Amino acid sequence: MAVPMSIGSLLLSELIEDPLYKDEGLCVLGIFGKSAMQPGSAKESLINTLADKHVFPLFGPDEPDCPGGGSFIQAYYNQESRVLYLVLTSVCDNRQLLRACETLGAGIGHSEAHDFWKGAEKQHCLQLLYLFSLCHVLLLVHPTCSFDVTYDRLFRALDALRQKALPLLRAAIKDSPVSKEWKVNCRPCPPRLLFVFQMNGALRVSGGTSGTGLGGNGTDSLGGDKPKKHSPRRRLQHALEDQIYRIFRKSRVLTNQSSNCLFTVPANQAFVYVVPGPDEDPVGALLGQLRANCALRENDTGLSVSGPRRYQQMRHAARQPSFTVENSSLSSAGGQLVDCTLKEFLWQHVELVLTKKGFDDSVGRNPQPSHFELPTYTKWAQVACRLYQVMIDSGDEETAELAAKVQGQLKVLEGFLDADAKFSENRCQKALPLAHSAYQSNLPHNYTTTVHKNQLTLALRVYSQHARGVAFQRYALQLHEDCYKFWSNGHQLCEERSLTDQHCVHKFHLLPKPGEKPEMDRNPPILFHNSRGRSTSSCNCGRKQAPREDPFDIQAANHEFYQILEEKCCAKLERTHFPVFQPSTLDPAPACDEVPQPPESGVVVVVVGGSGDGERLKEKEAVSHTPGDSTSLSLALSLGQSTDSLGPYGDGGEGQEKRPSLVDRQPSTVEYLPGMLHSGCPKGLLPKFSSWSLVKLGPAKAYNCHTGLEQPGFLPGSAFLLPWDVVIRCRAEEEAGLSEPLDGGPSSWPAPNKALAGKRGGVGGLGRGRRRDDVARAFVGFEYEDSRGRRFLSSGPDKVVKVLGPGGAKEPATRVLNADMPLYIPSPAQGRGLKPHYAQLSRLFVVVPDAPLEITVNPQVQPGPPPCPVFHPEQTELVLPPDGLWVLRFPYSYVTDRGPCYPPKENQPLASYRVLKGILRANTASTPPQ
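Attention here is on the structure that accompanies the text. (Residues numbered from 1 in each chain as written. Predicted model: local features only at pLDDT ≥ 70, side-chain atom pairs only at ≥ 80, totals over all residues. Heavy atoms only, no water.)

Description of the overall build of the chain
Of the regular secondary structure elements, the chain holds 20 helices and 30 strands. Looking at the 930 residues of the chain, the share that counts as buried comes to 44%. (Helix = DSSP H or I, 4+ residues; strand = E, 2+ residues; numbered from the N terminus. Buried < 20%, exposed > 50% of the residue type's maximum accessible area, 1.4 Å probe, protein only.)

So, the sheet that holds strand β20 (residues 821-822)
With respect to topology, three strands assemble into an open sheet ordered β20-β29-β24, the strand pairing being antiparallel. Pairing within the sheet leaves two strands with one partner each, and these edge strands are β20 and β24 (861-863). Pairing of β24 with strand β29 (residues 913-915), which is carried by three bridges, proceeds in the antiparallel orientation. Residue pairing across strands places Gln862 opposite Arg914, the latter belonging to β29. (Pairing = 2+ DSSP bridges.)

Points about the sheet that holds strand β25 (residues 878-880)
An order of β25-β23-β30 is seen for the three strands of this open sheet, with the pairing classed as antiparallel. Both outer strands of the open sheet, β25 and β30 (920-924), are each paired with one neighbouring strand and no more. Across the sheet, the mean angle from the axis of one strand to that of its neighbour is 30 degrees, orientation sign disregarded. Looking at chain direction, strand β23 (residues 853-857) and β25 are connected through three bridges and run antiparallel. Bridge pairing in β25 links Val857 to Leu878. (Axes fitted to C-alpha atoms, helices over the stretch in contact; angles between N-to-C directions.)

Considering the pattern of salt bridges
Counted according to the given criterion, the structure contains 20 salt bridges. When the shortest N-O distance is used, the salt bridge between Lys118 and Glu121 registers 3.2 Å. One end of the pair, Lys118, and the other, Glu121, are both in helix α4 (residues 110-132), three residues apart, so they sit about a helical turn from each other. In this structure Lys118 comes out as buried when scored by relative accessible area, which is 18%. Between Glu566 and Arg575 there is a salt bridge, with the nearest N and O atoms lying 3.2 Å from each other. A relative accessible area of 14% means that Glu566 is categorised as buried. Connected via shared salt-bridge partners are Glu783, Glu785, Arg791 and Arg843. (Salt bridge = Lys/Arg side-chain N within 4 Å of Asp/Glu carboxyl O.)

Here we look at the packing of aromatic side chains
For the structure on display, the rule yields 32 aromatic pairs. Pairing Tyr130 with Tyr388 gives two aromatic rings, centres 6.3 Å apart and planes at 70 degrees, and the pair type is edge-to-face. Here the residue Tyr130 occupies a position in helix α4, and Tyr388 occupies one in helix α11 (residues 377-391), the gap between them amounting to 258 residues. Its relative accessible area of 17% is what places Tyr388 among the buried residues. A connected cluster of aromatic rings, assembled from ring pairs, spans Phe32, Phe132, Phe147, Tyr151, Phe155, Phe195, Phe197, Phe248, Phe263 and Phe271. Taking the ring centre of Phe561 as reference, the NZ or CZ of Arg548 above it sits at 4.3 Å. The positively charged end of Arg548 is found above the aromatic ring belonging to Tyr892, 4.0 Å away from the centroid. (Phe/Tyr/Trp six-rings, centres within 6.5 Å; stacked < 30°, edge-to-face > 60°. Lys NZ or Arg CZ within 6 Å of the ring centre and 35° of its normal.)

Digging into unusual backbone geometry
Geometrically, the link from Asn523 to Pro524 is a cis peptide bond, its omega value of -5 degrees lying close to zero. Note that the residue after Pro866, namely Pro867, is joined by a cis bond; omega there is 10 degrees. When you line up the elements, Pro867 lands in the loop between β24 and β25. Here Arg82, not a glycine, exhibits a phi torsion of approximately 60 degrees, which is positive.

With respect to the nonpolar core
If you look at the biggest cluster of nonpolar residues, it comprises 101 residues, and the most contacted ones within it are Phe155, Phe195 and Trp380. Per element, the largest residue contribution to this core is eleven residues, and it comes from helix α5 (residues 150-172). For Phe155, the contacting residues outside a window of four places in its chain are Phe32, Phe132, Leu140, Leu193, Phe248, Val253, Leu262 and Phe263. Of all hydrophobic cores here, the second largest spans 79 residues; its members include Ala813, Tyr824, Val847 and Tyr894. (Core = buried A, V, L, I, M, F, W, Y, C linked by side-chain atoms within 4.5 Å. Contact = heavy atoms within 4.5 Å.)

A look at the pairing of strand β6 (residues 192-198)
The side chains of a regular strand alternate between both faces of the sheet. Of all seven residues in β6, seven are buried, a share of seventy percent or more. The alternating pattern of β6 places Arg192, Leu194, Val196 and Gln198 and Leu193, Phe195 and Phe197 on opposite faces, both of which are buried. Pairing geometry for strand β5 (residues 137-142) and β6, over six bridges, is parallel. Across the sheet, residue Leu139 finds its bridge partner in β6, namely Leu194. With four bridges connecting them, β6 and strand β9 (residues 272-275) associate as parallel partners. Residue Val196 lies in a different strand from β9, and its bridge partner there is Tyr273.

Some points on a nonpolar patch on the surface
Together, Val283, Leu287 and Leu290 line one region of the surface with nonpolar side chains, adding up to about 290 Å² of accessible area. Locating Leu290 in the fold gives a position in helix α8 (residues 282-294). (Patch = residues over 30% accessible without salt bridge, like charges linked within 9 Å, V, L, I, M, F, W, Y side chains within 5 Å. Areas by Shrake-Rupley, 256 points an atom, 1.4 Å probe, with all protein chains shown as cover.)

A closer look at the packing of helix α15 (residues 449-466) against helix α16 (residues 472-488)
How two helices sit against one another is set out by the angle between their axes and by the gap between those axes. Two elements in contact, α15 and α16, have axes whose closest approach is 11 Å; the angle formed by their N-to-C orientations is 150 degrees. By the angle between their directions, the pair α15 and α16 is classed as roughly antiparallel. In this structure, α15 meets α16 at a crossing whose hand is right-handed. Contact residues: α15 offers Thr449, His452, Leu456, Ala459, Leu460, Tyr463 and Ser464, while α16 offers Phe472, Tyr475, Ala476, Leu479, His480, Cys483, Tyr484 and Trp487. (Parallel < 35°, antiparallel > 145°, perpendicular 65-115°, else oblique. Left-handed = near helix turned anticlockwise from the far one by under 90°.)

Quick word on the side chain of Ser424
Looking at the secondary structure, you find Ser424 in helix α14 (residues 419-440). With a relative accessible area of 0%, Ser424 lands in the buried category. A distance of 3.2 Å separates the side chain of Ser424 from the backbone nitrogen of Val470, its partner in a polar contact. When residues no more than four places from it in sequence are discounted, the contact partners of Ser424 are Arg468, Gly469, Val470, Ala471 and Phe472. (Polar contact = N/O pair within 3.5 Å; in protein donor to acceptor, adjacent residues only side chain to side chain.)

As for the packing of helix α3 (residues 94-104) against α4
Their axes nearest at 11 Å, the elements α3 and α4 cross at an angle of 145 degrees. The interaxial crossing formed by α3 with α4 has right-handed handedness. Between α3, through Leu97, Ala100, Cys101, Thr103 and Leu104, and α4, the contact on the second element is made entirely by Ala113, Phe116 and Trp117. The class makeup of the residues in the contact of α3 with α4 is seven nonpolar, one polar and no charged. (Nonpolar A, V, L, I, M, F, W, Y, C, P; charged D, E, K, R; others polar.)

Dropping the structure here:
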């Protein structure tokens, strides 16, 4: 074997042995340890010295054997000396350490970096155990001349790992051709551990007899001239031996019985060697080494020997040091013993292996002999291959299971090697109960996600104050999971919010299906939503009040409650039926949320706000078709007609005055609108029910302006409607072209303290003979109702009607008709709490007099700041005929496809919640009432 190779390549290759050495046993020598920041590895250079060959390059191999900076084993087999060298390289060596740092890179977290280093350390321990299971002699190399006490913890960890993995290793080599003792102990013998330290400048030996450093100038401590028996380097070796032996005996790494130990040290032989530093005269050192190599030995003969004697001579010469030290056991001229070389130090232990004497390192009164076996290379390779597949690299499926179990035993190393992680875990485990207590402090029995997140933030803050180290993140995740389990295990509050923005008080539950009854005992329970909020509301006409639950859906809020009261109160009243969805199939589907884009040929203009007629919602469409356009066909089909019946709308000619708008088309009978109708809804869709109501309480005389509305819940003096004087145009004036719209503008009623045009004493003289009934008096009232059922009418955006004496309200309806009325105003009857109490616009009362007059109602509500849409009934431009007391009920809640429009909070301006002006418009009736 001329060059070293990895242990895996060696075991897979078919090594051709010399027939002379094939049947002889071999000594396996393992080398491990640390290397300093120097170009060449001290471990690899030792093999060059021991083999007298340039086996390993000076600066290490060009290509890394382990690119990730891990551990690997290189092997070199010297057949002449019958020694197999195994060199373990790991992150303890400078070359692999640099590669590992390059692998980590920048941006990696502290915990990830710690896991990387501890993973590399565990693999290093596993490969080190591989050496301890195959070698006879182990050489620990250290770059300084002081013992590293961390090896004590490392060896105790290795011993614990070996005891855990021993049954698995026995199963791996049970079929190997080795002795029973080897199969039971999973090693050829208890390996002998030797230590090699490097001189690092703390001690220097000068020339031959005297030294400086440890022994001063060679004199004793009393100042005499008597030289020491041993050199300073040998005295350092003896001191290190005593220190190492004492440490290992104290920690019980070494015991009396060598067979029970991870390794042994000789009792009567040196096991520590200190390599001297470089000589100050390198030329003289090279000449001395050349002279020693070229000197003839006394036992050398000039005759050439052949046959068995030649083999014995070659073997003896190969095992002897390459240079001799004259009278090495004798004293030098100064009386000191000459120090031995590294090869002499090591070869005395190798000779015990090759001569099959073994190691007798047990001590005590009854020392037990340990087993020893000197295998041939073939037998050793078979055992090494099986252990390699189990401990380092699993080869086939047979050993994959054992390899996985061995990797699982690496957890035993954590208690020995990962002291900082152990400290961190203990610290985090103590902080975890404190964080749990912080999370559960001041918690209700059931709570929402927001409360859970706030308490979790508090718990993490307490945890971060006490927890430290690499386990911080792992236990923080555990804290997050524990808090979530606590919350979801019977403490999770239902997340549904009512239409008044109140949480459901039940814990997490399911809603009953149609026809299913609530069940409290199920897990999760089946219940209806309930916020425990109750309010008092009036029916459609306002004559009956009843308590109601806080609604969670739009149907319960705007339809079901009023339907129940309608059966008891206003079922027989005349009403306006708003168009709703009429299904033509058994399973109608709700329309999708996407609003279709208008066609390219049509323009839809929606005007909200402003002044004049533009303040109302308008829709204009300008379409130009070609004769081949299919719009005429689709329009005819939607109207249920043929294309021939379209008349002037079917030919697409110019000059047409009006086309039917999208609102005039036939609504869909397949898809319904899931929410309420508003300005952002797709055209042609209707809801299943109407959220509005328009009923007639009776004729105009049903309202007495002196007593007001006789309905329950009104505050004293606030049940009076506001008078609205509307000018009735005579026929002569209509023929003269004076037909201005009576829309409630400044021209529709007389100004305060000013006579009407045409009256006696007025300007213009048009109405000299006009009768007194030319001005019709209507009554208007915007009713607000709070959650406690207290009702009142408003005479302006910020004013409540208050009539103290007889005669009814004196203020005209000009102010309420010419301004945007608020949807919410502070209730005049506030409670004791600090939170403001709001009243919501609930009804609009309109008294149409018995006159040739029609009043058109067009309500438009914007229940929130932009971009909140504008809500309106399913039928716009509602015409109220003469002689009637009408009540328009507004929706209780407003819901879009994106969710409900909640009532305003304390810090939100009420001006954004409004009813657009222009809600009423007066017109002269086509035919006067009979």
